[in-house]
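Structure assessment
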Amino acid sequence: MGRIELKHGGGGRSSQDILKLFLKYFDNDILRGLEDASILNANGEIAFTTDSFVVKPLFFPGGDIGKLSICGTVNDLSSRGAIPEYISTSFIIEEGFEIEDLEKIVKSMAETAKEVGVKIVTGDTKVVERGKADGLYINTSGIGVVKIKGISAHNVKPGDKVIVTGTLGEHGISVLAKREGLNLNVDVVSDCAPLNRVVEKLFPLGSEIHAMRDPTRGGLAAVLNEIAVSSHVDIRIYESEIPVKEEVVNACEILGLDVLTLANEGKLVIFASPTVADDVVAILKSDPLFGDCNIIGEVYQGKGIVTMKTVYGTERFVDMPAGEILPRIC
């Protein structure tokens, strides 16, 4: 199939050849018009998000940059109580990039979008010189219709329960091991997955769900600190209640990493009223993907401090991650 050349970004016949590749997988009634802007229909309040994906390597156990770009955008919309409807995507491709690899990535995006039920309705492609883009970067934006109003990092209340939807750290370890060629004697696969379907099951609980966040960069530690500061509360979690796979624990011990700071791409941290917390867990555990869902802590009146009771019975602060722990994980 050849490689990407600068002419593919020139707007001429070669650009049309690449456009045909995108249309082969992204084709729908809106995108097919190839207009400068797409006209969309939305009923009610909309959520709007944008994100860029620069993960290295582009292919990793459990996913690739294409699947990651759709999941990341969908999960950001879902965490605001919205049903994802439309996605835009832009590709910044380095000269010399294998067209066969580009097609694999585009196909992966199309399959994930189909699984989610969203349409990729507009996009853009730019080609840059060798050495300027490290292969491929993808930017996406997403629009969703809000179904639960009031879900916000500023809406967490004392008494709320802290729930994680499953085991933590797989994505960060998977990407790191693949990128660095590490032989950890463990088989860790990224948890990269769209979360919209399971979030929709929580819609009947309505305003009893106060906040949801996907713990990507900075992991659980970053999410808890962001929420604590935004809502002016203290949060206490229990190490014994945090679900982590044994292979991730082993990898963290070998590499000297803290699982609380590892990236995830298929999990949510949910803050729910204590009256519905058990219902949230029951709903999530009914889905095979979230069998390890658990309540890991609670929220108190406070000033933005996060602590954890360790398995040894001691208590320590959980700080916002600092420095460069796992670069290029999304």
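Preceding this section is the structure that the text describes.
Counting of residues starts from 1 at the beginning of each chain's written sequence and follows it residue by residue. The model is predicted, so local features are restricted to residues of pLDDT at least 70 and side-chain atom pairs to those at 80 or more, both for listing and for counting; the totals for chains, interfaces and linings are taken over all residues. Water and hydrogen atoms were dropped before computing side-chain values, which therefore reflect all heavy atoms in the structure.

By definition, any uninterrupted DSSP run of H or I lasting at least four residues is a helix, any uninterrupted run of E lasting at least two residues is a strand, and each is numbered from the N terminus. Looking only at helices and strands, one finds eight helices and 13 strands in the protein. Here the C-alpha radius of gyration of the protein, 21 Å, is about what a compact globule of 330 residues would show, namely 20 Å. Overall, the protein is about 65 × 50 × 35 Å in size when its C-alpha atoms are taken along their principal axes. Looking at the protein as a whole, 52% of its 330 residues are labelled buried. Total accessible area on the protein stands at roughly 15100 Å², and carbon and sulfur atoms take up 48% of it. Here the protein contributes 34 positive and 47 negative side-chain charges, whose respective centroids are spaced 3 Å apart. For a compact globule the rule gives 2.2 Å times the number of residues to the power 0.38, and the radius of gyration it is set against comes from C-alpha atoms. Type-normalised accessible area, obtained with a 1.4 Å probe on protein chains alone, sets the label of each residue: buried when under 20%, exposed when over 50%, and partly exposed for intermediate values. For every accessible area listed, the method is Shrake-Rupley and the probe measures 1.4 Å; residues are considered covered only by the protein chains on display. Charge counting follows a simple rule: Lys and Arg are positive, Asp and Glu are negative, and His as well as the terminal groups are ignored. Charged groups are reduced to one reference atom each: NZ for lysine, CZ for arginine, CG for aspartic acid, CD for glutamic acid.

Moving on: the nonpolar core. Nine residue types can take part in a nonpolar core, namely buried Ala, Val, Leu, Ile, Met, Phe, Trp, Tyr and Cys, and a core is a set of them joined through side-chain atoms within 4.5 Å. Phe26, Phe91, Leu102 and Leu136 are the most contacted members of the largest nonpolar core, which has 37 residues in total. For this core, the secondary structure elements donating two or more residues are helix H1 (13-26), helix H2 (65-78), strand E4 (82-94), helix H3 (99-116), strand E5 (119-128) and strand E6 (136-146). When residues in this core are grouped by element, the largest group, eight residues, is from H3. The contact rule is simple, with two residues in contact once any of their heavy atoms fall within 4.5 Å. Other than its neighbours up to four places away in sequence, Phe26 contacts Leu31, Thr89, Phe91, Val106, Met109, Ala110 and Ile120. Grouped together as the second largest cluster of nonpolar side chains are 33 residues, Leu168, Ile173, Ile237 and Val248 included.

All right, on to the pattern of salt bridges then. Salt bridges are defined as contacts in which a side-chain nitrogen from Lys or Arg sits within 4 Å of a carboxyl oxygen from Asp or Glu. Inspection of every chain in the model, using the stated rule, returns 18 salt bridges. A salt bridge links Lys104 to Asp101; its shortest N-O distance comes to 3.9 Å. Remark: Asp101 and Lys104 occur in helix H3; sequence separation between them is three residues, near one turn of the helix. Taking relative accessible area as the criterion, Lys104 reaches 45% and is therefore assigned partly exposed. Judged by its relative accessible area of 23%, Asp101 falls in the partly exposed class. Across the salt bridge formed by Arg213 and Glu226, the nearest N and O atoms sit 2.6 Å from each other. With Arg213 in strand E8 (residues 209-213) and Glu226 in helix H6 (residues 219-231), this pair connects stretches of sequence that are 13 residues apart. Because the salt bridges share partners, they merge into one network encompassing Glu170, Asp191, Lys245 and Lys267.

Our next topic: the environment of Ser174. Among the structural elements, Ser174 can be located in helix H4 (residues 170-180). Separated by 88 residues in the primary sequence, Ser174 and Tyr86 place their C-alpha atoms 29 Å from one another. Beyond its immediate chain neighbours, meaning those up to four positions away, Ser174 contacts Phe60, Pro61, Val188, Val189 and Ser190. Polar contacts, as counted here, are pairs of nitrogen or oxygen atoms within 3.5 Å of one another; within protein the pair requires one atom able to donate a hydrogen and one able to accept it, and residues that are adjacent in sequence qualify only if both atoms are side-chain atoms. Within the structure, Ser174 has its side chain in polar contact with the backbone nitrogen of Ser190 (distance 3.5 Å).

Strands are treated as partners if at least two bridges between them are detected by DSSP. For strand E7 (residues 161-164) and strand E11 (residues 294-301), the ladder comprises four bridges, and the chain directions are antiparallel. Within E11, the position partnered with Val162 by the bridge is Gly297. With five bridges connecting them, strand E9 (residues 233-238) and E11 associate as antiparallel partners. Its bridge partner being in E11, Val233 is matched across the sheet by Gln301.

Running from N to C, H4 and helix H7 (residues 246-255) cross one another at 55°; their axes reach a closest spacing of 10 Å. Compared by their axis directions, H4 and H7 come out oblique. With respect to the hand of their crossing, H4 and H7 are arranged in left-handed fashion. Facing H4, whose interface residues are Glu170, Ile173 and Leu176, H7 presents Val248, Ala251, Cys252 and Leu255. For this scheme, ten residues count as nonpolar: Ala, Val, Leu, Ile, Met, Phe, Trp, Tyr, Cys and Pro. Four count as charged, namely Asp, Glu, Lys and Arg, and the remainder, Gly too, count as polar. Taken together, the residues of the contact of H4 with H7 sort by class into six nonpolar, no polar and one charged. Here an angle of 0 to 180 degrees is reported between the N-to-C directions of two axes, which are lines fitted to C-alpha atoms, with helices fitted over the stretch in contact. With respect to orientation, any angle under 35 degrees is reported as roughly parallel, any angle over 145 as roughly antiparallel, any angle of 65 to 115 as roughly perpendicular, and every other angle as oblique. Here is the rule for handedness: rotate from the far helix to the near one, and if that takes an anticlockwise turn smaller than a right angle the crossing is left-handed, while a clockwise turn gives right-handed.

With that settled, the discussion passes to the pairing of E9. Where E9 lies against strand E12 (residues 306-309), four bridges are found, and the strand directions are parallel. Across the sheet, residue Ile237 finds its bridge partner in E12, namely Met308.

Attention shifts here to the sheet that holds E9. Strand order in this open sheet of seven strands is E8-E10-E7-E11-E9-E12-E13, and the pairing throughout is mixed. At either margin of the open sheet sits one strand with a lone partner, and together these are E8 and strand E13 (315-317). For this sheet, the mean inter-axis angle between neighbouring strands, taken without regard to orientation, is 25°. Examined bridge by bridge, E12 and E13 share three bridges and lie antiparallel to one another. Residue pairing for E13: Met308 is matched across the bridge by Arg316. Contacts from H6 reach E7, E8, E9, strand E10 (269-272), E11 and E12 within the one sheet, and its direction differs from that of E9 by about 150°. Together, E7, E8, E10 and E11 form the strand contacts of helix H8 (residues 277-285), whose direction differs from that of E7 by roughly 10°.

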